[in-house]
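Chain and residue survey
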Amino acid sequence: MSGETSSQNANGKVSRVIRIGTRKSQLARIQTDSVAEKLKRLYPDVHLEIVGMTTTGDKILDTALSKIGEKSLFTKELETALERNEVDLVVHSLKDLPTTLPPGFTIGAVLKRENPHDAVVLHPKNMGKSLDTLPDKSVIGTSSLRRAAQLKKRFPHLEFKDIRGNLNTRLKKLDEKDDFAAIILAAAGLRRMGWDSRVSQILGPEDCMYAVGQCGLNRLRVHCVAVFQGALAIEVRARDEDILEMVSVLHDPDTVLRCIAERAFLRRLEGGCSVPVAVHTEVKDSQLYLTGAVYSLDGSDSLKETMQTSIASDNKVEERVDERVQRVGVTANNMPGPAQDASEKLGLDLANLLLSKGAKEILTVARQLNDAR
């Protein structure tokens, strides 16, 4: 490892120090702490230090994410620290990671995905209601074009308005003012914060499919653990083979394959946070199912298709994946290559199917309208 450091405990034993970079938000720290705990159990002799940083995106709270052109809004500071060997790995949400990573970086681990769906959090005065039963013209807060486009189509009696800030800030805006009847947040984030009691409704894929395992080329560059919605991942320097080996044991095979398919789908579509693109994946009986969709900003125009592929592996042929081989930014050691290749091809094939039916036109118009707003 470049820039390796060590520490000495009270008994005089020298331990290797691994520095984990993260944003300073409460949710980011909770996610990073959970990764650190897993690594500590696996490598008790390693000393872990968590390095918190404030990013540009944490400071700009008055502008919709889809309107900010900065690609590394939440990640520039983290990436710089990783590049300068000030940290050894970074933790964040996989949905924030671009499908094409900067040279020299790779996703070394994708952890088991939690509930990837979106949750409805109601204003206290609306407790007991749902999106279906809220009054006409009720305002719903969300920072995501993906959510707004789908929910406008599904709940045309509601209005949608941008809301920014971390989870604490958004909940405070909801509870202390009357601007919003409800807000939409990721269920996994609420659970990690211990706020399950605030969830009034979970939106299934028939209402709102979730974010792809990244937020697109037009937005953020995260180097870290990431949640492609609901999942965490770890990004490291690709040349640090010992760190790659260390974190690779945290890979969850099904989540990795789902992530690869989703990221390949989005890369082919050249989507991002300035256009509404959504997915749903499922692994069942050695088959990977991928549903992908694109939407106009108001949800009136959309394309949605589902495809599947076999991810069964031949247990007699265990392949050691070359650490230099990446699939949409993911290095998955000790996982069969054919299953990863099949997942990547599934994402590409589904994207090509949507493109053949007019997805590019829908996304181009959506991007233009968003830029003009």
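Residues numbered from 1 in each chain as written. Predicted model: local features only at pLDDT ≥ 70, side-chain atom pairs only at ≥ 80, totals over all residues. Heavy atoms only, no water.

The following threshold applies: UniProt positions are given in the numbering used here, feature names are shortened, and annotations may be inferred rather than shown by experiment.
As annotated in an unreviewed UniProt entry, the protein chain carries the name Porphobilinogen deaminase and is attributed to Oncorhynchus tshawytscha. In the Pathway (unreviewed entry) part of its UniProt record, the protein chain is described as follows: "Porphyrin-containing compound metabolism; protoporphyrin-IX biosynthesis; coproporphyrinogen-III from 5-aminolevulinate: step 2/4." If you open the UniProt record of the protein chain and go to Subcellular location (unreviewed entry), you find "Cytoplasm, Cytosol".

1. Considering the sheet that holds strand S13 (residues 287-295)
Picture the strands of a sheet paired through backbone hydrogen bonds; they go either parallel or antiparallel. The following threshold applies: For two strands to pair, DSSP has to find at least two bridges joining them. Runs of H or I in DSSP of at least four residues are treated as helices and runs of E of at least two as strands, each being numbered from the N terminus. To obtain each axis, a line is fitted to C-alpha atoms, and for helices this fit is confined to the stretch in contact; angles are then taken between N-to-C directions over 0 to 180 degrees. The contact definition used throughout considers only heavy atoms, calling two residues in contact when any of these lie within 4.5 Å.
On the basis of which strands lie adjacent, the open sheet formed by three strands has the order S12-S13-S14 and antiparallel pairing. Each edge of the open sheet is held by one strand with a lone partner, namely strand S12 (277-284) and strand S14 (302-310). On average, adjacent strands in this sheet sit at an angle of 15° to one another, irrespective of strand direction. Along the sheet face, helix H10 (residues 359-372) touches S12, S13 and S14 and points at about 50° away from the line of S13.

2. Quick look at helix H1 (residues 26-42)
Note the following rule: Each helix should span, by expectation, one fewer than its residue count multiplied by 1.5 Å. Think of it in three bands: residues with accessible area under 20% of the maximum for their type are buried, residues over 50% are exposed, and the middle band is partly exposed, with areas taken using a 1.4 Å probe on protein chains only.
Given a rise of 1.5 Å per residue, 17 residues ought to cover 24 Å, and the 25 Å separating the end C-alpha atoms of H1 matches this to within 8%. Within H1, burial applies to Leu 27, Ala 28, Gln 31, Thr 32, Val 35, Ala 36 and Leu 39.

3. A word on unusual backbone geometry
Even without a glycine there, the phi angle at Lys 137 is positive, about 70°. By the element assignment, Lys 137 lies in the loop between strand S6 (118-122) and strand S7 (139-141).

4. A look at the pairing of S14
Two faces belong to every sheet, and in a regular strand the side chains alternate between them. As paired strands, S13 and S14 are joined by nine bridges and run antiparallel to one another. Residue Leu 290 lies in a different strand from S14, and its bridge partner there is Met 307. If you look at the hairpin formed by S13 and S14, you'll find six residues sitting between the two strands, and Gly 299 has a positive phi there, around 80°.

5. What about the environment of Ile 234?
Its location among the elements puts Ile 234 in strand S11 (residues 232-237). By relative accessible area, Ile 234 is classed as buried at 0%. A sequence separation of 126 residues divides Ile 234 from Gly 108, and the C-alpha atoms of the two residues are 5.6 Å apart.

6. Focus on the nonpolar core
Our working rule: Buried Ala, Val, Leu, Ile, Met, Phe, Trp, Tyr and Cys residues form a nonpolar core when they are joined through side-chain atoms within 4.5 Å.
Grouped together as the largest cluster of nonpolar side chains are 39 residues, with contacts concentrated most on Ile 107, Phe 265, Leu 269, Val 277 and Val 294. Secondary structure elements with two or more residues in this core: strand S5 (105-110), helix H8 (253-269), S12, S13, helix H9 (337-356) and H10. Core analysis: the next-biggest nonpolar cluster, separate from the first, contains 19 residues, Val 35, Leu 111, Ile 234 and Leu 244 among them.

7. What about the packing of H8 against H9?
Stated formally: By definition, turning the near helix anticlockwise from the far helix through less than a right angle yields a left-handed crossing, and turning it clockwise yields a right-handed one. Residue polarity is assigned by list, with Asp, Glu, Lys and Arg as charged and Ala, Val, Leu, Ile, Met, Phe, Trp, Tyr, Cys and Pro as nonpolar; anything else, Gly included, falls into the polar class.
Running from amino to carboxyl end, H8 crosses H9 at an angle of 35°, the nearest separation of the two axes being 7 Å. Helix-helix and strand crossings are classified by hand; for H8 and H9 the assignment is right-handed. Residues Leu 257, Ile 260, Ala 261, Ala 264, Phe 265, Arg 268 and Leu 269 of H8 form the contact with H9, whose own contacting residues are Ala 339, Gln 340, Ser 343, Glu 344, Leu 346, Gly 347, Leu 348, Leu 350, Ala 351, Asn 352, Leu 354 and Leu 355. Of the residues in the contact of H8 with H9, the class split is 13 nonpolar, four polar and two charged.

8. Let's talk about the pairing of S6
Judged by how many residues are buried, S6 sits mostly within the fold: five of five residues are covered. Here S6 shows a buried face lined by Asp 118, Val 120 and Leu 122 and a second buried face lined by Ala 119 and Val 121. Relative to strand S9 (residues 182-186), S6 runs antiparallel, the two sharing five bridges. Paired with Val 120 across the two strands is Ile 184, which belongs to S9. Where S6 and strand S10 (residues 201-203) come together, three bridges link them in antiparallel fashion. If you follow Val 120 over to S10, its bridge partner there is Gln 201.

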